[in-house]
Amino acid sequence: MTANTHLFLCLKDNFGVLVHDSETGATAAIDAPEAAPVEAALKATGWQLTDILVTHHHNDPTAGIAALKRHHHCRVTAPRGEAARIPDVDATVAEGDSVKVGALSARVIETPGHTSGHISYWFEQDKLAFVGDTLFSIGCGRVIEGTPAMMWQSLLKLRALPDDTQIYCGHEYTDANIRFARTIEPQNRALAARAETAKQQLAQGHPTIPTTIGEEKAANPFLRADIPVVATAVGLAGKSAADVFAEIRERKNKF
Ligand SMILES: [Zn+2]
């Protein structure tokens, strides 16, 4: 079994991504921000859409589902806690459930905070994780329906994945995220290196993802709230990681 991925932009700054099982030909879209770019990606790859795996109920990851479902009769898998707010759902999943895309297999990780029922899909064997709007490259999603403590716990679950796990997120926000991260950890060398790489990628019109858990652990301040130097940087030395995380998230909201 081999998973192939195909990444593309939708709307203004949303990522769309296809995951394809070369053995069975099954292909999943992870979220569906817009039907047309997904159709274009299917045409470019020659893949047949069999599945849509939804991370959360917001309009941007779900707006393309109805049209894609009509055209491809694909199976729509969605988080159980949000299925009522997502169109055309066939299967609902929760923590620990397994989702098949042909012969590929993903484990569901509940990652609430951005929305209350947000989930991520971890293809362990293929070292891929699709994390929606929970973890971004050098950032994290806004805490809209949950609490900062809940979001921190969700990020810890993703941080516990193997370092070489490739991370696909819902938005191209890396440039702004790096500018913010440097206000928290101006001396972080991994962050400086990442800034240089991202600058080159963006200048060439390339996406800045996938990133990896290892890279994010080294440079993403939202995954580093339990490191003393980060707590000190935001004036909260000795406070809990959840408090430090909440402060960093609040600063980013105002950045
Ligand atoms: Zn969202």
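This text follows the structure it describes.
Engineer: How do you make sense of the sheet that holds strand 2 (residues 14-21) when you look at a structure like this?
Structural biologist: Pairing in this open sheet of six strands is mixed, and the strands run 1-2-3-4-5-6 from one edge to the other. A strand with exactly one partner marks an edge of an open sheet, and here the two such strands are strand 1 (3-10) and strand 6 (91-93). Between one strand axis and the next, the sheet turns through 20° on average, direction left out of account. Taken together, the eight bridges between strand 1 and strand 2 define a ladder with antiparallel strand orientation. Looking across to strand 2, one finds that Cys-10 is bridged to Asn-14. The strands that helix 1 (residues 35-45) touches are strand 1, strand 2 and strand 3 (27-30); relative to strand 1, the one it contacts most, it runs at about 140°.

Engineer: Quick question: what am I supposed to make of the packing of helix 1 against helix 3 (residues 65-72) here?
Structural biologist: The description of two helices packed together rests on the angle between their axes and the distance between the axes. Between helix 1 and helix 3, the shortest axis-to-axis distance is 8 Å and the interhelical angle comes to 40°. The pairing of helix 1 with helix 3 is recorded here as oblique in orientation. Contact with helix 1, carried on its side by Ala-35, Val-38, Glu-39 and Leu-42, involves Ala-67, Leu-68, His-71 and His-72 of helix 3 and no other residues of that element. Across the contact of helix 1 with helix 3, the residue classes break down as five nonpolar, two polar and one charged.

Engineer: Help me out: how do you make sense of the state of the cysteines in this one?
Structural biologist: Covalent bonding between the sulfur atoms of two cysteines defines a disulfide. Taken as a whole, this structure holds zero disulfides when the rule is applied. Not part of a disulfide, Cys-74 finds its nearest cysteine sulfur in Cys-10, a span of 14 Å. Its sulfur unpaired, Cys-169 is 11 Å from the next cysteine sulfur, which belongs to Cys-140. The exposure class of Cys-169 is buried, given its relative accessible area of 5%.

Engineer: What am I meant to see in helix 9 (residues 241-254) here?
Structural biologist: Taking 1.5 Å per residue as the helical rise, helix 9 with its 14 residues ought to reach 20 Å, and the 20 Å between its terminal C-alpha atoms agrees with that figure. When we look at burial in helix 9, the residues that qualify are Ala-241, Val-244, Phe-245, Ile-248, Arg-249 and Lys-252. Buried residues along helix 9 cover an arc of 135° about the axis, so they all sit on one side. In this fold, the buried residues of helix 9 make contact with strand 12 (139-140), helix 4 (148-159), helix 5 (174-184) and helix 8 (228-233).

Engineer: I'm lost on the pairing of strand 9 (residues 119-123) in this one. Help?
Structural biologist: Side-chain direction in a regular strand flips from residue to residue, so the side chains alternate between the two faces of the sheet. Summarising burial for strand 9: five of the five residues are buried, a large majority. Of the two faces of strand 9, the one carrying Ile-119, Tyr-121 and Phe-123 and the one carrying Ser-120 and Trp-122 are both buried. As paired elements, strand 8 (residues 104-110) and strand 9 share four bridges and run antiparallel to each other. Residue Ile-109 lies in a different strand from strand 9, and its bridge partner there is Ser-120. Here strand 9 pairs with strand 10 (residues 128-130) via three bridges, running antiparallel. Counted as the bridge partner of Phe-123 is Leu-128 from strand 10. Joining the antiparallel neighbours strand 9 and strand 10 is a turn of four residues, in which Lys-127 adopts a positive phi near 55°.

About the criteria used
- Residues numbered from 1 in each chain as written.
- Predicted model: local features only at pLDDT ≥ 70, side-chain atom pairs only at ≥ 80, totals over all residues.
- Heavy atoms only, no water.
- Pairing = 2+ DSSP bridges.
- Helix = DSSP H or I, 4+ residues; strand = E, 2+ residues; numbered from the N terminus.
- Axes fitted to C-alpha atoms, helices over the stretch in contact; angles between N-to-C directions.
- Contact = heavy atoms within 4.5 Å.
- Parallel < 35°, antiparallel > 145°, perpendicular 65-115°, else oblique.
- Nonpolar A, V, L, I, M, F, W, Y, C, P; charged D, E, K, R; others polar.
- Disulfide = S-S within 2.5 Å.
- Buried < 20%, exposed > 50% of the residue type's maximum accessible area, 1.4 Å probe, protein only.
- Expected span 1.5 Å × (residues − 1).
- Arc of directions from axis to C-beta.

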